[in-house]
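# Survey of secondary and tertiary structure
Residue-level listing of the chains:
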Amino acid sequence: MHGLIHVTMKNLVLEKFGADQWSAILSEAKVSDENVFLALEAHSDDTTEAAVVAASKVLGASVEDVLCLFGEFFAESVHKGGYLRMLQSMGDNLKELVQNLN
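We now turn to the structure provided with this report. Everything numeric here is computed off the predicted structure, so don't read it as measured data.

### Thoughts on the packing of helix α4 (residues 45-59) against helix α5 (residues 63-81)
Packing of α4 against α5 brings their axes to within 9 Å, and their N-to-C directions diverge by 110°. In terms of their interaxial angle, α4 and α5 are classed as roughly perpendicular. For the pair α4 and α5, contact is made by V52, V53, A55 and S56 and by V63, V66 and L67, respectively. Broken down by class, the residue content of the contact of α4 with α5 amounts to six nonpolar, one polar and no charged.

### Things to note about the layout of surface pockets
Its volume calculated, the largest pocket comes out at about 350 Å³. Contributing to the lining of the largest pocket are 16 residues, with M1, I5, L67, F70 and L101 lying nearest its centre. Put simply, the parts of the chain that give the lining of the largest pocket at least two residues each are α1 (3-16), α4, α5 and α7 (94-99). In terms of residue count, α4 provides more of the lining of the largest pocket than any other element does, five residues in total. The residue makeup of the lining of the largest pocket, split by class, is twelve nonpolar, two polar and two charged.

### A few points about the environment of N100
Mapping N100 onto the fold places it in the segment after α7. Judged by its relative accessible area of 41%, N100 falls in the partly exposed class. When the C-alpha atoms of N100 and M90 are compared, they prove to be 6.0 Å apart, with ten residues separating the residues in sequence. In contact with N100, other than residues within four places in its own chain, are M90 and G91. Reaching out from N100, the side chain makes a polar contact with the backbone oxygen of M90 at a distance of 2.5 Å.

### As for the side chain of H6
Counting through the fold element by element, H6 comes out in helix α1. Judged by relative accessible area, H6 falls into the buried class, the value being 0%. Once residues lying within four places of it in the same chain are set aside, the contact partners of H6 are W22, F37, L38, H43, T47 and T48.

Here is what the cut-offs are and how they apply
- Each chain carries its own residue numbering, running from 1 in the written order of its sequence.
- pLDDT decides what is reported in this predicted model: residues at 70 or higher carry local features, side-chain atom pairs at 80 or more are listed and counted, and totals for whole chains, interfaces and linings draw on all residues regardless.
- Based on all heavy atoms of the structure, the side-chain values leave hydrogens and waters out of the count.
- Whenever a helix is involved, its axis is fitted only over the stretch in contact; in every case the axis is a line through C-alpha atoms, and angles between N-to-C directions fall within 0 to 180 degrees.
- Numbering of helices and strands starts at the N terminus; helices are DSSP runs of H or I of at least 4 residues and strands are runs of E of at least 2.
- Geometric relationships in this document are graded by angle, where less than 35 degrees denotes roughly parallel, more than 145 denotes roughly antiparallel, 65 to 115 denotes roughly perpendicular, and other angles denote oblique.
- A contact between two residues is defined here by any heavy atoms of the two lying within 4.5 Å.
- Three classes are used, and their members are as follows: Ala, Val, Leu, Ile, Met, Phe, Trp, Tyr, Cys and Pro are nonpolar, Asp, Glu, Lys and Arg are charged, and the others, Gly among them, are polar.
- Cavities and pockets were defined on a 1 Å grid built from protein atoms only: a cavity is a group of points that admits a 1.4 Å probe but offers it no way out, a pocket is an open group of points flanked by protein on both sides within 12 Å along at least five of seven lines, and a lining residue is one with an atom within 4 Å of any such point.
- Grid points are joined across faces, edges and corners, and a volume is the space filled by probe spheres set on the points.
- With a 1.4 Å probe rolled over the protein chains alone, any residue whose accessible area is under 20% of its type maximum counts as buried; one over 50% counts as exposed, and the rest are partly exposed.
- Under this definition, polar contacts are N or O atom pairs within 3.5 Å; protein pairs additionally need one hydrogen-donor-capable and one acceptor-capable atom, and for neighbouring residues in sequence, both atoms have to be side-chain atoms.

Honestly, it's all geometry; don't read function into it.
Structural data, given as structure tokens:
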């Protein structure tokens, strides 16, 4: 996944749950260097999956609920942050967009 996903995840957790929860998620996901995790480059899907599973555990929510919350927050972030043009260039539909997030 692209690092933008990780940055958005961090922003979501900080805004909705606070810095302590973000630190706990990084620890649970065994992220040793937050700067590498947040780099705006391609990351292994395993890394992103570990972060989602860690968020589920730390926040006491199902993986499905974490992903739904993330999706809502991501859509809002894209709209507010001016990323719409970039995302539009990544595909003509949702399937193509998701396939091109790597």
